[in-house]
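Report on the structure
Each chain is listed here by its residues.
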Amino acid sequence: MLKLFEIVGRRTINWFQLSVDFIRLFIETLYWIFVGPFKGKPIKSKAVFEQMVFMGSNSVIIVFFVIFFTGVVLAMQSAHQLSKMGGTIYVASLVTISICRELGPVLAALVIAGRIGAAITAEIGSMQVNEQLEALDTMAISPVRYLVVPKFISLFFMLPCLTVIGDAAGILGGYVIGVFTLDINPALYMQTALKYLTLKDIYTGLSKPFVFAMIITMVGAFMGIKTRGGAVGVGKATTISVVSSFILIIVADCIVTGVYYFINF
Amino acid sequence: MNKEKKIAISAKNIVKDFGSLRVLNDVTLDIYKGEIFVILGGSGSGKSTLLRIMTGGIPLTSGKVFFGDADLSTASDDEKEKIKRRFGMSFQSSALLDFLTVEENVSLPLTEHTKLDSKVVSIISRMKLNLVGLQGFENYTPSQISGGMKKRVGLARAIAMDPEIVFYDEPTAGLDPVVCAVVDQLILDLTKKLNLTSIVVTHNMESVFRIADRIAFLYKGKLLELGDKNTIRNSSNPIVQQFIKGEIEGPIQINDSD
């Protein structure tokens, strides 16, 4: 029994320590973004643009296809149910609102967590086990400023852009099914799709990627920095990073949706 | 004789615990300006930990590390940065950034800490690469060069900012005897030509007797012997004798040093 308390106590302390370290890393990142430039340590714009290409441009195709096919599936599934009530036309608005409010931001974030979050952890983790982070620190170069900040800024702006592209892809997926399979008039489809889409749906959906981007970068970087134990350690850290990002994205989605739902912005 | 020399680094009563394990136990030593100081000891003796404490990479449990008058252990972040700019470090794994070329690796501290024009930075980097015999390899990436060359690039990076002190962590580990001799000669040349203070952590005895001005022998986290090459060579301590001769029989048990 005493051992059980000991184990629970130790794990609680470890979790608390990890949370403190995570928050510290987040604060340090914000420091280098907002305070660093005024102390003669500017943001590395070249690195930011390089990351934007890697995180943004190179992710367009995968985000597009994932959300396009989600739109297709959603349209088919909802058509099956709505047709029983003679409301097939509402497939258009159902797909559009679902994609814009929920599925577009979340799926884009999950795809990017898998692609970019894993890459961030693997890169920083490998640098950690190969003493490269220590080398930066010894050269009086902050690894957070040098490595994390460009990734943070880049994904903060790229994920909303990818979400917009994903939203368009999802709506297109629904359109393809609606027009070519359900024989809905194209103009009527678009009219119905946009008729029920409110401004709130759009800003609800577009505010989420900013939160998700912070989660993906910070979890990726944190797990990378915490990596120990060679190649096996990098593998473990990468797995934990992706799984943690997935969970946190869903939790954050729930919280943000809850905020909009209850506070009724 | 030592009283005439100026102290570059002074470590006072260094204690380092990792959990319940005491890795360094009350280590006190002074390193003089312009000398090559070797920290010698077996695996797990605490020598790399001592080096990292001196570079500020690991916080110490108790004790003090002075760079001249500046105390690294109590310095603020800004002060630490100033102190760190006074030294360079060559890592066991070279620790070159994979996504940068050889020249970019060497110029990294210059681009980060100076406002020099990129052309000037490039000239300085090429000069440093020239000093370590790597002219013509500027545009290679670390994955395209050999282990010995990586060590030399790491060395060029360590001296890029014209530091007062250079730390070397196992500079000859994993290198063939000829490349070992080349790296040793480089350490000797750079120390004398650039008037550096060099602190070398190694357990390669050939290297030790080739380059060291003074040697500190660590065993199980304690400073067992401190002196010049002859002091160590003629030490009456059986642990030191077993270590430098590489004998199986003696007070050092395999499990102790492993």
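Just above, that's the structure.
Structure report, in brief.

Conventions and cut-offs
Residues numbered from 1 in each chain as written. Chains lettered and ligands numbered in written order. Predicted model: local features only at pLDDT ≥ 70, side-chain atom pairs only at ≥ 80, totals over all residues. Heavy atoms only, no water. Helix = DSSP H or I, 4+ residues; strand = E, 2+ residues; numbered from the N terminus. Buried < 20%, exposed > 50% of the residue type's maximum accessible area, 1.4 Å probe, protein only. Polar contact = N/O pair within 3.5 Å; in protein donor to acceptor, adjacent residues only side chain to side chain. Contact = heavy atoms within 4.5 Å. Phe/Tyr/Trp six-rings, centres within 6.5 Å; stacked < 30°, edge-to-face > 60°. Lys NZ or Arg CZ within 6 Å of the ring centre and 35° of its normal. Pairing = 2+ DSSP bridges. Axes fitted to C-alpha atoms, helices over the stretch in contact; angles between N-to-C directions. Salt bridge = Lys/Arg side-chain N within 4 Å of Asp/Glu carboxyl O. Core = buried A, V, L, I, M, F, W, Y, C linked by side-chain atoms within 4.5 Å.

1. Regarding the side chain of B:His113
The residue B:His113 is located in helix α3 (residues 102-113) in this model. B:His113 sits in the buried class, given a relative accessible area of 12%. At a separation of 2.6 Å, a polar atom in the side chain of B:His113 contacts the main-chain carbonyl oxygen of A:Met139. Not counting the four nearest positions on each side in its chain, B:His113 is found in contact with A:Lys41, A:Met139, A:Ala140, A:Ile141, B:Glu81, B:Arg85 and B:Met161.

2. Examining the packing of aromatic side chains
The final tally for this structure, using the stated rule, is 18 aromatic pairs over all chains. On the basis of an interplanar angle of 50° and a centroid distance of 5.9 Å, the ring pair of A:Tyr203 and A:Tyr260 is categorised as tilted. Residue A:Tyr203 is found in helix α8 (residues 199-225), and its partner A:Tyr260 is found in helix α9 (residues 230-263); the two are separated by 57 residues along the sequence. On the basis of relative accessible area, A:Tyr203 is assigned to the partly exposed category, the value being 32%. Relative to B:Phe87, the ring of B:Phe67 has its centre 5.4 Å away and its plane inclined at 25°; by these criteria the two rings are stacked. Within this pair, whereas B:Phe67 is found in strand β4 (residues 62-67), its partner B:Phe87 is found in strand β6 (residues 87-90), the two being separated by 20 residues in sequence. On the basis of relative accessibility, which here comes to 5%, the residue B:Phe87 falls in the buried class. One Lys or Arg, A:Arg115, reaches over the ring of A:Phe54 and ends 5.1 Å from the middle of that ring. Lying over the aromatic face of B:Phe209, B:Arg233 brings its terminal NZ or CZ to 4.3 Å of the ring centre.

3. Observations concerning the sheet that holds strand β7 (residues 165-169) of chain B
Residues and elements named next belong to chain B. Spatially, β6-β7-β8-β3-β9-β10 is the arrangement adopted by the six strands of the open sheet, whose pairing is mixed. If you trace the sheet from one side to the other, it starts and ends with β6 and β10 (222-227), each paired once. In this sheet, adjacent strand axes meet at a mean angle of 15° when their direction is disregarded. With five bridges joining them, strand β9 (residues 214-219) and β10 adopt antiparallel strand pairing. Following the sheet pairing, Leu218 is matched in β10 by Leu223. Against the sheet, helix α5 (residues 147-158) contacts β6 and β7, and its axis sits at roughly 170° relative to β6.

4. Remarks on the interface of chain B and chain A
Of the residues lining the interface, 22 residues belong to chain B; the matching set on chain A comes to 19 residues. Counting every contact that joins chain B to chain A gives six salt bridges. On inspection of chain B and its partner chain A, the count reaches 12 residue pairs in polar contact (both at pLDDT 80 or more). Put simply, the parts of the chain that give the side of chain B that touches chain A at least two residues each are α2 (77-84), β6 and α3 of chain B.

5. Brief notes about the sheet that holds strand β2 (residues 21-32) of chain B
Residue and element names in this part refer to chain B. One open sheet holds the four strands; their spatial order is β2-β1-β4-β5, and the pairing between them is antiparallel. Whereas interior strands pair on both sides, the edge strands pair on one side only; in this sheet they are β2 and β5 (70-71). As defined by bridge partners, strand β1 (residues 7-18) adjoins β2 across eight bridges and the pair is classed as antiparallel. Among the inter-strand pairings, Phe18 is bridged to a residue of β2, identified as Leu21. Against the sheet, helix α1 (residues 47-54) makes contact with β1, β2 and β4, and its axis sits at roughly 60° relative to β2, the strand it touches most.

6. Here we look at the environment of B:Ile232
Residues and elements named next belong to chain B. Among the structural elements, Ile232 can be located in helix α8 (residues 229-233). Residue class for Ile232 comes out buried when judged on its relative accessible area of 0%. Residues Ile232 and Ile244, spaced 12 residues apart in sequence, show a C-alpha to C-alpha distance of 8.5 Å. Aside from chain neighbours lying at most four places away, what touches Ile232 is Ile215, Glu225, Gly227, Val240, Gln241 and Ile244.

7. Some thoughts on the pairing of β4(B)
Residues and elements named next belong to chain B. In terms of strand pairing, β1 meets β4 through five bridges, oriented antiparallel. Bridge pairing in β4 places Ser10 opposite Phe66. As paired elements, β4 and β5 share two bridges and run antiparallel to each other. In the strand pairing of β5, Phe67 is matched with Ala70. Connecting β4 to the next strand, β5, in antiparallel fashion are two residues, including Gly68 with a positive phi near 65°.

8. Examining the pairing of strand β3 (residues 36-41) of chain B
Residues and elements named next belong to chain B. With six of six residues buried, β3 is to be regarded as a mostly interior element. Burial along β3 is two-sided: the face carrying Ile36, Val38 and Leu40 and the face carrying Phe37, Ile39 and Gly41 are both buried. In the sheet, β3 pairs with strand β8 (residues 197-202) via five bridges, with the strands oriented parallel. Each bridged residue has a counterpart across the sheet, and for Val38 the counterpart in β8 is Val200.

9. Let's talk about the nonpolar core
One finds A:Leu136 and B:Phe167 to be the most contacted residues of the largest nonpolar core, which totals 96 residues. Tallying contributions element by element places helix α4 (residues 91-129) of chain A first for this core, with 15 residues. If we skip the residues at most four places from it in the chain, A:Leu136 touches A:Met127, A:Ile141, A:Pro143, A:Tyr146, A:Leu147, B:Leu97 and B:Leu108. Counting residues in each nonpolar core, the second largest holds 45 residues, with B:Ile36, B:Val183, B:Leu196 and B:Ile211 among its members.

10. A word on the pattern of salt bridges
Applying the stated criterion across every chain, the model contains 27 salt bridges over all chains. Of the charged contacts, one joins A:Arg101 and A:Asp201 as a salt bridge, the two residues approaching to 2.7 Å between their closest N and O atoms. Placement of the pair is A:Arg101 in helix α4 and A:Asp201 in helix α8, with a sequence separation of 100 residues. For A:Arg101, a relative accessible area of 24% translates into the label partly exposed. As a salt-bridge pair, B:Arg214 and B:Glu35 come within 2.9 Å of each other at their nearest N and O atoms. Residue B:Arg214 is located in strand β9, and its partner B:Glu35 is located in the loop between β2 and β3; the two are separated by 179 residues in the primary sequence. The exposure classification of B:Arg214 matches that of B:Glu35, with both residues buried.

11. Considering α3(B)
The element α3(B) is largely enclosed, with a buried count of 10 among its 12 residues. Of all the positions in α3(B), only B:Val102, B:Glu103, B:Asn105, B:Val106, B:Ser107, B:Leu108, B:Pro109, B:Leu110, B:Glu112 and B:His113 are classed as buried. Looking at the buried residues of α3(B), the elements they touch are α5 (132-138) and α6 (143-180) of chain A together with α2, α4 (118-131) and α5 of chain B.

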